[in-house]
Amino acid sequence: MTQMPELDPARDVVRRAIALNEENALAPLKSWKSSHPGQLAIGHMPIYVPRPLLEAMDCLPVAVFGGGEKEIVRGDSYFQSYICHVPRSTIELGLCGALGDLDGMIFPAICDVIRNLSGMWQILFPHVYTAYLDLPQNFRPEVGGRFYRRELERISRELAGRGATPCSFDSLRRAIRDENERRAALERLSVCRQREPWRVPASEAYLLTRAGSALPAAEHRKLVDDYLGAVARRAGFARDNVRVVLVGAFCEQPPLALIRSLERAGCDIVEDDFQLGFTYLAGAIDEDTADPLDALVRAFLEKGAATASRYIGEEEKGAALVRRVRHAGADGVIFAAASFCDPALLDQPMLEAALERAGVPYTSFKFAENTGQFQVIREQAGAFSDAVRLWEAAP
Amino acid sequence: MTLNATIQKSAPASTPVPKDASQKRQKKMIADHFDRLATANEEGRKVVYTFVPGNLTELISAFGMLPVLPEINALQSGMRGKSGGYISEAERAGHSEDVCSYVKCDLGMLKSGNIGPTGKPLPKPDLLLLSYTGCFTFMKWFEILQQEYRCPVVMLHVPYQAEGRITDEMRDYVVQQLVSEVIPAMERATGRKLDEAALQEKMNLSSRAEDALVRVWESARHRPSPIDGYFGGVYYIGPIFSAFRGSPDAVLYYEELAAEVEDRISRGEGPMTPDGPMGPERYRLIVEGPPNWTNFNEFWRMFSRERAVVVASTYTRVGGLYDLGFRHSATDPLRSLADYCLGCYTNRSLPSRVDLLEKYIRDYSADGFLINSVKSCNSFSAGQLLMLRELEKRTGVPGGFIESDLVDPRYFGRANVENRLQSYLQMLESRRNSRAAS
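Residues numbered from 1 in each chain as written. Chains lettered and ligands numbered in written order. Predicted model: local features only at pLDDT ≥ 70, side-chain atom pairs only at ≥ 80, totals over all residues.

**Some points on the sheet that holds strand β8 (residues 308-313) of chain B**
All names here are of chain B. Inclusion rule: The rule for pairing is simple: two strands pair if DSSP sees at least two bridges between them. Each helix is a run of H or I in the DSSP string that is no shorter than four residues. Each strand is a run of E no shorter than two, and both are numbered from the N terminus. To obtain an axis, a line is fitted to C-alpha atoms, over the contacting stretch when the element is a helix, and the angle between two such axes runs from 0 to 180 degrees between their N-to-C directions.
Pairing is parallel across the open sheet formed by four strands, whose spatial order is β8-β7-β9-β10. What marks the edges here is a single partner per strand, and that holds for β8 and β10 (399-404). Mean inter-strand twist for the sheet, computed between neighbouring axes without regard to direction, equals 30 degrees. Bridging between strand β9 (residues 368-374) and β10 involves six bridges; their strand directions are parallel. Note on β10: the bridge partner recorded for Ser 373 is Glu 403.

Right, dumping it as structure tokens:
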């Protein structure tokens, strides 16, 4: 931003977003619990959980992305050094009571570590509702769709057994409408960022998106719209930065300072997969249907993002990434995977090959959510940014 | 070279270890299988690449196809001292040092000509059967292979037993996939329809072999145990986890093996080791986790020289938990195959894995349990430290923890592993002595 902070029309809404990001974006949870006595707050791990189902049951869905830069006191003793960081910090949050306001945790299928973490949760927190959501890898409605629907019905039934309001089609339609409006707001945020990245830096888009972790969809939508209204009044100008797509951080989240370091190194991150669950569906969930649960199922089957944990059959690996690069008008790709993240790191060579075939430059590094030193990454990103500019300038 | 040949190679030359009839039979079975693979293209036989957990061997062979199991190729490369080079090859091609060494070993082998253990190239797959059972990496592995081979791939998504039980919804989902995805893909690959009678016959043969295998596992309840259920056990599972389940050869092998083991019981003999018969049994252990393959015999000797016998292990159950009662059944073959896939060890929740280990500790009167945590396999490894605490709490039996890898030789720290194991065994000894004194 070129302005002094006090002159920034988005100052207040960014401050609100920062406040909502306190305590690993769990800050709103306590006040929601006290203002909604008897209602359930249900945590969920990345990537994707159908939050409207929870909201339709008057539950607060709470996205848990690990402990970030929180000091790990006990969590490390549960994992070997070659396991990624997010499960150890999530265990840490659980053991230190930071997740004490959650009545349950849902672990969606993403990788073996998060899968096994669901079992650890059963052992360590036996009184907390724990569910593993087995997202189907078969996308035929009559096969994978049928299984997925039964999974959602099971979770709905179990939550009702724990005191949640039973799910009705009317309440589910309302929740889907709220979710669609939130998704549309995040889409507007994305469009604005791609068109004028100086107006919506990736680091702010990150804060605005993650601020919704423990907010109902309607409140999150309002926050994003407030921000968009404010940044429309921002003065500024385009910089001679390279436009990049960042991929690989769909589960464990990088420190905000790392994103800022990339920006300072001359990279406008115009597209990313941070907190992918909020934007996992490419398009709205059908609202005009007699069976909204079926709409939720079909949305997953038909509109799910081509991410590392989703099977794409015999489709060309990396084709979706190349399309994203083209759509975002990006100059290159930064692979930023969490250390020891199997899905991202096993995917990466296939994605790199696709980028090479398409002539898209890329660079890569690994991070952990508690990475504290960014100088090397900043220099690497700066060199990449320079190289891309030179590449573009070459005859 | 077969597994048996590998072990023989490492034994001291002056004391050749006599082979049992079952060992000779297994060696011939495996050699014949690789010969069939080597000539598959000329003879017009179709080849399916698939994985050990959740393998559909009866279905594959009912279509007359031959299976290739990349995990087995990788572990054999590890035992033959080739995996380090293969892994380096894959890492040079951009694969991360953080990820599964089986995958990298297989890719390196592919890039190096895909030479099988008989020294002949393995045939390319006509079909990749992605049995997504108990391991996320399987999916990425076959996505990578699909990019290499550009052949058809069919996914069988096996739901995870998160609550420690198989539900009707899970079973229906797997059966539906078999009907709507897997069998049609096999029909397209082979140009023929499923022979249901042949499938039923193979299911019956599987069940007989499984009965005999359970006799072998349960023989370890005796003192002394006539088998080592981990290091020896990986040889016993070779046929049933790979190409031979559902074959008459497998029935002959397992019935012969069970009879040999029962003979050993009648003679009061302990297990064979790389150096011949083990001396009097001193420690009875349960082991969780796969073995290290690059230093397999060395690893085994660290136990056998201390006269520590592994009476049961979980790695030998990744291809089926027959000792909990499951048998392939001809009555409803697809439902039975679904239950088989769903029941594999790494497809079971962490609490039910703890339950199983607790059962083994008690049923096999173990002095201790040991976790070999391998870097490559998050499916096994994530959560093992909590399993260790839980088991100690529940049983009062002390646990040990060592770390290595499947086939990456860089992660086998000989001195470290041996120190940890010896310290652990000394602790068991000390505990035994103090109990005797009190």
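**Quick notes on the domain arrangement of chain A**
Residues and elements named next belong to chain A. Our working rule: Residue ranges assigned to the domains are those given by an automatic or database domain assignment. Distance between backbone-placed C-beta atoms decides contact: two residues are in contact if it is within 7 Å.
Splitting chain A by domain gives domain 1 (1-35 + 168-237), domain 2 (38-167) and domain 3 (239-395). Of note, the centres of domain 2 and domain 3, computed from C-alpha atoms alone, are 24 Å apart. Each partner contributes residues to the interface: domain 2 has 29 residues there, and domain 3 has 26 residues. Where the side of domain 2 that touches domain 3 is concerned, the elements lending two or more residues are α4 (51-56), α5 (85-95) and α7 (141-161).

**Topic: the confidence of the model for chain B**
Residues and elements named next belong to chain B. Here is the rule: On a range of 0 to 100, pLDDT expresses the predictor's confidence in each residue.
Confidence in the prediction for chain B averages 94 pLDDT; 97% of positions are at 70 or higher. Every residue in residues 1-13 scores below 50 in pLDDT, and together they form 26 contacts with partners more than four places removed in sequence or on other chains. In the predicted complex, the global pTM is 0.95; the interface-specific ipTM is 0.95.

**So, the packing of helix α5 (residues 70-79) of chain B against helix α7 (residues 101-111) of chain B**
Packed helices, taken two at a time, are described by the angle their axes make and the gap between the axes. Residue and element names in this part refer to chain B. Note the threshold: Note on angle classes: values under 35 degrees are labelled roughly parallel, values over 145 roughly antiparallel, values of 65 to 115 roughly perpendicular, and the remainder oblique. Throughout this entry, Asp, Glu, Lys and Arg are counted as charged residues, while Ala, Val, Leu, Ile, Met, Phe, Trp, Tyr, Cys and Pro are counted as nonpolar. The remaining residues, Gly among them, count as polar.
With their axes 9 Å apart at the nearest point, α5 and α7 run at an angle of 85 degrees to one another. When the interaxial angle is binned, α5 and α7 end up roughly perpendicular. Together, Pro 70, Glu 71, Asn 73, Ala 74, Ser 77 and Gly 78 of α5 and Tyr 102, Cys 105, Asp 106 and Met 109 of α7 make up the contact between the two elements. Here the residues of the contact of α5 with α7 are counted per class, giving five nonpolar, three polar and two charged.

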